[in-house]
Amino acid sequence: MSRIGVFVCHCGENISRTVDVERVAGEAAQLPGVAYSCDYKYMCSDPGQNLLKKALAEHNLDGVLVAACSPRMHEKTFRKAAQSAGLNPYLCDMGNIREHCSWVHEDREAATAKASDIVKLMVERVKRGKALAPITVPVTKRALVIGGGIAGIQAALDIADAGKEVILVEREPSIGGHMAQLSETFPTLDCSQCIMTPKMVDVANHPNITLYTYAEIEKVDGYIGNFQVTIRRKARSVVEDKCTGCGVCTSKCPKKKIPNEFDQNLGMRSAIYVPFPQAVPNTPVIDRENCTMFQSGKCGVCAKVCGPQAIDYEQQDTLVVEAVGAVVVATGFKLYSIDRKPEESPIKGYGEFGYGLIPDVIDGLTFERLASASGPTGGKILRPSDGKEPRQVVFIQCVGSRAREKGISYCSKICCMYTAKHTMLYRHKVHDGQAYVFYMDARTPGKGYDEFWRRAVEVEDAVYIRGMVSRLYQRDGKIVVMGSDTLVGVQVEIEADLVVLATAVQAQDGADLLAQKLGISYDKYNFYSEAHAKLKPVECATAGIYLAGACQGPKDIPDTVSQASAAAAKVITLFSKDQLERDPVVAKVNEKYCVGCLQCKKVCPYGAVEEKEIRDRQGNLVKVVANVNAGVCGGCGTCQATCPSKSVELDGYTDEQIMAMIEAL
Amino acid sequence: MHSAEKKHDFEPKVVAFVCTWCTYAGADLAGTSRMQYPPNVRVLKFPCTGRIDPVFILRAFQKGADGVLVSGCHPGDCHYMAGNFHARRRFAAFRVLLGFVGVDLNRLQFSWVSAAEGGKWVEVVTELTERVRAMGPMREFKELEQEEQWSATLTTPELQQAYESI
Amino acid sequence: MTPKKLKNYSYYPGCSLHASGREYDISTRALFKALNIGLKEVPDWFCCGATPAHNVDELLSLSLCAKNLVLAEEVEGDLAVACAACFSRLKTTQHHLKVDDEKRAQVEKAIAGPATIAKPVKHILEILVRDLGLAKLEESVKKPLFGLKVACYYGCLLTRPPEVPELDDCEDPSIMEDLLRALGAEPVSWSHRMECCGANFTLSRPDVVLHLSDAILRSAQAAGADCVMVACPLCHGNLDIRQEAIENRSQEKYDLPIFYITQLAALAMGVDDDKLGFDSVIVDPRPMLMDKELI
């Protein structure tokens, strides 16, 4: 026979005003299996907790039910108290007679009856409770950071500075990401590269950071604290250890007319190249698709001129396996392209803007390269078609963003600010030039942001026209911008020399594929989903994986850096213990009954169920059963409700407990 | 809203199977907001609607429930990512089955109540209670169980004692 | 040898094609005859409501179209429509009734019967370019329109809104240009293919029409077009009938003949130019066509 103790709380008068607590305690005493019951004014107070502890010892109780407020309020409190008196904390439960009873009913008689019922049900549950021990999993104190933009760099540096090892993986030949492409940054107009490149160098020099550039994630196995990550290091055709970064190969390469992606195809690069002068690492890579040696087998100039003999045309991709305990995903964003690619893009076309066929219609990132001192024009604003300085520039915001009918309903967040910045940069470089901005709303929340935007309008004379543009077309070397000014209620036609589109911020190409490898969820736009929009903005629902930067949603640099540091803090917290402790509400398989149908595996949202082979002593396969990895299991119990043979059970919510509660109705 | 003064001839038993993250918290919110609803409902907490086995619903009806409510997070909001989707599928099929065996489906309600929807919780519970009250007691399964009691020997003193000794 | 009889179509001309746009009707019939495609007029058809009805009463507009579509069921073959406005209204009705059960119920009450309106509604362009196909079309050309530079004018209705006509890319279509190339003509690249001509403001606000249509003609001329090809009788009216007024207003000389798609197509198929209604338009295209040795 169980020996349960029932403790009924008055909660001052919060409960006792509507519920006859003495009667509830009295009726509880009559329940089979209840060895002790009492009521008390404030169970959560120190005297209340001491009462509980004392009763546990005196009455030799083997289970506790506190009928009081919501378990969401004080379950931890009472479990701790019970534990300190020697009871397994999971044998202590709460009956909610405040939020679910005294506060929502006025009829004292009915409320008291309900409270007694709640106690009765919960006693049945406590009786059948099991002592559970927190699950511990070992933690590998190394982190993987995916993506070497400002988010990944910040997270990697923070974790490395805390003394933990970091593996930083970047898809491109150099770290730096989009921030390295920017000219100046809002709201202070400080040079992006000036603040970015020192951080890049820090990454390269940090003893705790292993940098894999030109590498991608191939496979991710394991779970929080214990991931095995396979990284594909793409063949660079240059041996990193031998290369001194002298740059002779790139200057001697005969193939020099390849559009440079880093300069948004405005400038040219060679077939063996470093994306930009400040690249980290400063090791070139051969673009095999454009290299004469790879295409026709004739050339080999780079190998001939390379002093340290670092060129290796035979180099193959290699796979590296790294064990890590946590992952920070920082894969960033891409800008939507208005080119006609409806099959690749969720945005349903921008034919009215010429589908990218008008050469002087460019996007914001291309404007950044035009404005950048290290860009293809040396920082002069010159339009791509004829290299002339544009006298009138029209900026169009919300291209793709906030356009439900086009397929994207979200706001890209950064465009209002960077467009304001662009108008300023333009005015600073072309003093008599005029900037026009077509906008829906100017969204400038952020420290110093609205002042910045006002400056663009009031000091730098940018003309802001509230309305959208319906068409762009070429006429006599100009681009005619047809739009509307909705504040004045007139149609506007502007002859522009250059048009800059603030195109939508989208998730990186392949973001969905990476998410599938990592087992994290993503929204319909392929942005990664955080575990909770407000209270867990950095964590993924999958334990041990954290998000930083624009891969989770459009973000500017300050927000990105904040989130990256937050993700790093989460990783460091995780690494502060040798063993990971977690709530033991997890599913367990009864291997005797399991027939290995693996329905549970199909429904498990965490991928926690794996197949397990049971063999006899001779090693013959007896059967295959399901096995739940307690480190990964989230404890939802979907497997249990699905299992046809009832051979998987969720601790804390067993069929036996629930059925007993229903019986007691 | 329910008036406490009003006396009824029949007080139905309503059982609510709820998930801990959304609907349980929503019911808590109704409490902290001091909203009022009929005291007929008994709440059973689950980690997730995905954990709720249709057998529980059957058993509840058998054990005297006149109405059953199953409620969890809104689709897409599941704390466990997809548990409520599995639940939704399961119950869509189960409902048909329950109708087939002759249970009036007005006695069974599925709903999504988020942690922010204290008001919705009150609405759902009140509506179901009043609906079931108007329908009168659910007899079908109870009669079945009586038959079961007749044919089986669940009520021998030994078994009763064993049951109570748990 | 007469070519094999092709698929037959039912045909909804619409009121304009029996009135101001008669040459569109004449040339459509002539073209289909030349291509040996059956075209049978829907019996007892009436006005679709076109531009005014849906601005005044949506139910009326949907019901008018639905009833016509029900009537069309009596004739075999997909429904061929030439007028861009009728095409747009008929397609819109199909779209609305498909997605909105409430509207469907209202319409069925109004037309006192089930709205069986699933028959595919096809614009002449679609029939020529998709059903018949450009290769076949090219084969059937008897008098290629070599040297004729045409500004293809889609207007605002033919491809918009994107979810309704499903004819081509809604902002950057190419179906007219594809057709013309098959006929041997030379479509020009120009800016105002998709702009509005002012449509039925032609009566209430001619100033608006003159302004908008002027921009269209100006841009067609700037692109070096010999003529403009249209799909809509309203556009035709604004660009053709109003052309002199536009010229007077802007002190420009355009002298741009406005053709219907079917007029040019039929011409290329060898239909005698006397049978294409060239005599019933304001800007006489014949001098230009003679100049190009096309007639």
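Going by the annotation in an unreviewed UniProt entry, the name recorded for chain C is CoB--CoM heterodisulfide reductase iron-sulfur subunit B family protein, with Geomesophilobacter sediminis given as the source organism.

Going by an unreviewed UniProt entry, chain A carries the name CoB--CoM heterodisulfide reductase iron-sulfur subunit A family protein and comes from Geomesophilobacter sediminis. Quoted verbatim from the Sequence similarities (unreviewed entry) heading of the UniProt record, the comment on chain A is "Belongs to the HdrA family." As recorded by UniProt, the Cofactor (unreviewed entry) comment attached to chain A reads in full: "FAD".

### Re the overall build of chain A
Looking only at helices and strands, chain A has 18 helices and 34 strands in total. By principal-axis analysis of the C-alpha atoms, chain A measures approximately 95 × 75 × 40 Å. When each of the 665 residues of chain A is scored for burial, the buried share is 55%. Carbon and sulfur atoms make up 50% of the accessible area of chain A, which totals about 27,700 Å². Here chain A contributes 78 positive and 79 negative side-chain charges, whose respective centroids are spaced 2 Å apart.

### Points about the UniProt feature "domain: Cysteine-rich" (unreviewed entry) in chain C
All names here are of chain C. When the UniProt feature table is mapped to this numbering, "domain: Cysteine-rich" (unreviewed entry) covers residues 10-90 and 150-240. For residues 10-90, the helix share is 52%, the strand share is 14%, and the end-to-end C-alpha distance is 14 Å. With 41% helix and 10% strand, residues 150-240 has its two end C-alpha atoms placed 15 Å apart.

### Side note on the sheet that holds strand β26 (residues 490-496) of chain A
Strand pairing in a sheet takes place through backbone hydrogen bonds and is either antiparallel or parallel in direction. Residues and elements named next belong to chain A. Read from one edge to the other, the open sheet built from three strands follows the order β24-β25-β26, with strand pairing classed as antiparallel. Each having just a single partner strand, β24 (469-475) and β26 make up the two edges of the open sheet. On average, each strand axis in the sheet is tilted by 20° relative to the strand beside it, whichever way the strands run. With six bridges connecting them, β24 and strand β25 (residues 478-485) associate as antiparallel partners.

### Some thoughts on the state of the cysteines
What is meant by a disulfide is a covalent connection between two cysteines, made through their sulfur atoms. Summed over all chains, the structure comprises two disulfides over all chains. At a sulfur-sulfur separation of 2.3 Å, the disulfide partner of C191 of chain A is C194 of chain A. Between C191 of chain A and C194 of chain A, the disulfide has an S-S torsion of 90° and is therefore right-handed. Here C191 of chain A falls in the partly exposed class, since its relative accessible area comes to 23%. Judged by relative accessible area, which is 51%, C194 of chain A ranks as exposed. Disulfide pairing places C22 of chain B opposite C73 of chain B at an S-S distance of 2.4 Å. Its S-S torsion of approximately 100° makes the covalent link between C22 of chain B and C73 of chain B right-handed. With C22 of chain B in the loop between β1 (14-19) and α1 (23-32) and C73 of chain B in the loop between β3 (67-72) and α3 (83-100), this pair connects stretches of sequence that are 51 residues apart.

### What about the environment of T185 of chain A?
Residue and element names in this part refer to chain A. Of note, T185 is situated in strand β8 (residues 184-185). Its relative accessible area of 7% is what places T185 among the buried residues. Between the alpha carbons of T185 and D556 there is a distance of 9.7 Å; along the sequence they are 371 residues apart. Contact partners of T185, with chain neighbours within four places excluded, come to D190, S192, I195, K421 and I557.

### Some remarks on the domain arrangement of chain C
All names here are of chain C. Structurally, chain C comprises domain 1 (8-123) and domain 2 (134-291). Averaged C-alpha coordinates put domain 1 and domain 2 at centres separated by 23 Å. At the interface, 24 residues of domain 1 touch 28 residues of domain 2. Of the roughly 2,100 Å² buried between domain 1 and domain 2 on both sides combined, carbon and sulfur atoms contribute 73%. When the area that domain 1 buries against domain 2 is broken down by residue, the three leading residues are E23, Y24 and L31, summing to 27%. Across the domain 1-domain 2 interface, the total number found is four residue pairs in polar contact (both at pLDDT 80 or more). Among the elements that line the side of domain 1 that touches domain 2, the one with the most residues is helix α1 (residues 22-34), at eight residues. Classifying every residue of the side of domain 1 that touches domain 2 gives 13 nonpolar, nine polar and two charged.

### Description of the packing of α1 of chain B against helix α4 (residues 118-135) of chain B
Axis angle and axis distance: for two packed helices, these are the angle between their axes and the distance between the axes, and together they describe the pair. Residue and element names in this part refer to chain B. Two elements in contact, α1 and α4, have axes separated by 7 Å at closest approach and are oriented at 95°. When the axis of α1 is compared with that of α4, the two are roughly perpendicular. Here T23, G26, A27, L29 and A30 of α1 come into contact with α4, specifically with G118, W121 and V122. Looking at the contact of α1 with α4, its residues break down into five nonpolar, three polar and no charged.

### Some details on the pattern of salt bridges
All names here are of chain A. In total, this model carries 75 salt bridges over all chains according to the counting rule given. Its salt-bridge partner being E75, residue R79 comes within 3.5 Å of it at the nearest N-O pair. Note that R79 and E75 are positioned in helix α3 (residues 71-84) at a spacing of four residues, about one turn of the helix. Considered together, R79 and E75 belong to a single accessibility category, that of buried residues. Among the salt bridges present, the one from K478 reaches D497, with a minimum N-O distance of 3.1 Å. Of this pair, K478 sits in strand β25 while D497 is found in the loop between β26 and β27 (498-503), placing the two residues 19 residues apart along the sequence.

### Here we look at the interface of chain A and chain C
Where the parts come together, the accessible area they lose is often given as the size of the interface. Facing the seven residues of chain A at the interface are eight residues of chain C. Contact between chain A and chain C buries roughly 720 Å² in total, counting both sides, with carbon and sulfur atoms accounting for 42%. The largest share of the area that chain A buries against chain C comes from Y355, R471 and Y473 of chain A, three residues that together contribute 55% of it. Taken together, chain A and chain C are joined by two salt bridges. Across the pair R471 of chain A and E171 of chain C runs a salt bridge, and its minimum N-O distance is 3.1 Å. At the junction of chain A and chain C, the tally comes to three residue pairs in polar contact (both at pLDDT 80 or more).

Rules and cut-offs
- Residue numbers restart at each chain and count upward from 1, following the sequence in its written direction.
- A letter from A marks each chain and a number from 1 marks each ligand, given out in the order of writing.
- Local features in this predicted model are restricted to residues of pLDDT 70 or higher, and side-chain atom pairs are both shown and tallied only at a pLDDT of 80 or more, whereas totals for entire chains, interfaces and linings draw on every residue.
- The side-chain numbers reported here are obtained from all heavy atoms of the structure, hydrogens and water having been left aside.
- UniProt positions are given in the numbering used here, feature names are shortened, and annotations may be inferred rather than shown by experiment.
- Every helix listed is a DSSP run of H or I at least four residues long, and every strand listed is a run of E at least two residues long, numbered separately from the N terminus.
- Here the term buried applies to any residue with accessible area under 20% of the maximum for its type, exposed to any over 50%, and partly exposed to those in between, with areas from a 1.4 Å probe on protein chains only.
- Methods summary: accessible areas were calculated by the Shrake-Rupley approach with a probe of 1.4 Å, and residue burial reflects only the protein chains presented.
- Neither His nor the chain ends is counted toward charge; the positive residues are Lys and Arg and the negative residues Asp and Glu.
- All charge positions are set by atom: Lys at NZ, Arg at CZ, Asp at CG, Glu at CD.
- At least two DSSP bridges between two strands are required for those strands to pair.
- Only the contacting stretch of a helix is used when fitting its axis, a line to C-alpha atoms as for every element, and angles between N-to-C directions run 0 to 180 degrees.
- Here, two cysteine sulfur atoms that lie within 2.5 Å of each other are counted as a disulfide.
- Here, residues are in contact when the closest pair of their heavy atoms is within 4.5 Å.
- Boundary definitions for the domains trace back to an automatic or database domain assignment.
- Here the quantity called buried area is the accessible surface, traced with a 1.4 Å probe, that two parts lose on coming together, added over both.
- In protein, a polar contact means a hydrogen-donor-capable atom and an acceptor-capable atom, both N or O and within 3.5 Å, with residues adjacent in sequence counting only if both atoms are side-chain atoms; elsewhere, any N or O pair within 3.5 Å suffices.
- For this scheme, ten residues count as nonpolar: Ala, Val, Leu, Ile, Met, Phe, Trp, Tyr, Cys and Pro. Four count as charged, namely Asp, Glu, Lys and Arg, and the remainder, Gly too, count as polar.
- Any angle that is under 35 degrees is reported as roughly parallel, and any over 145 degrees as roughly antiparallel; angles of 65 to 115 degrees are reported as roughly perpendicular and all others as oblique.
- Here a salt bridge means any side-chain nitrogen of Lys or Arg lying within 4 Å of a carboxyl oxygen belonging to Asp or Glu.

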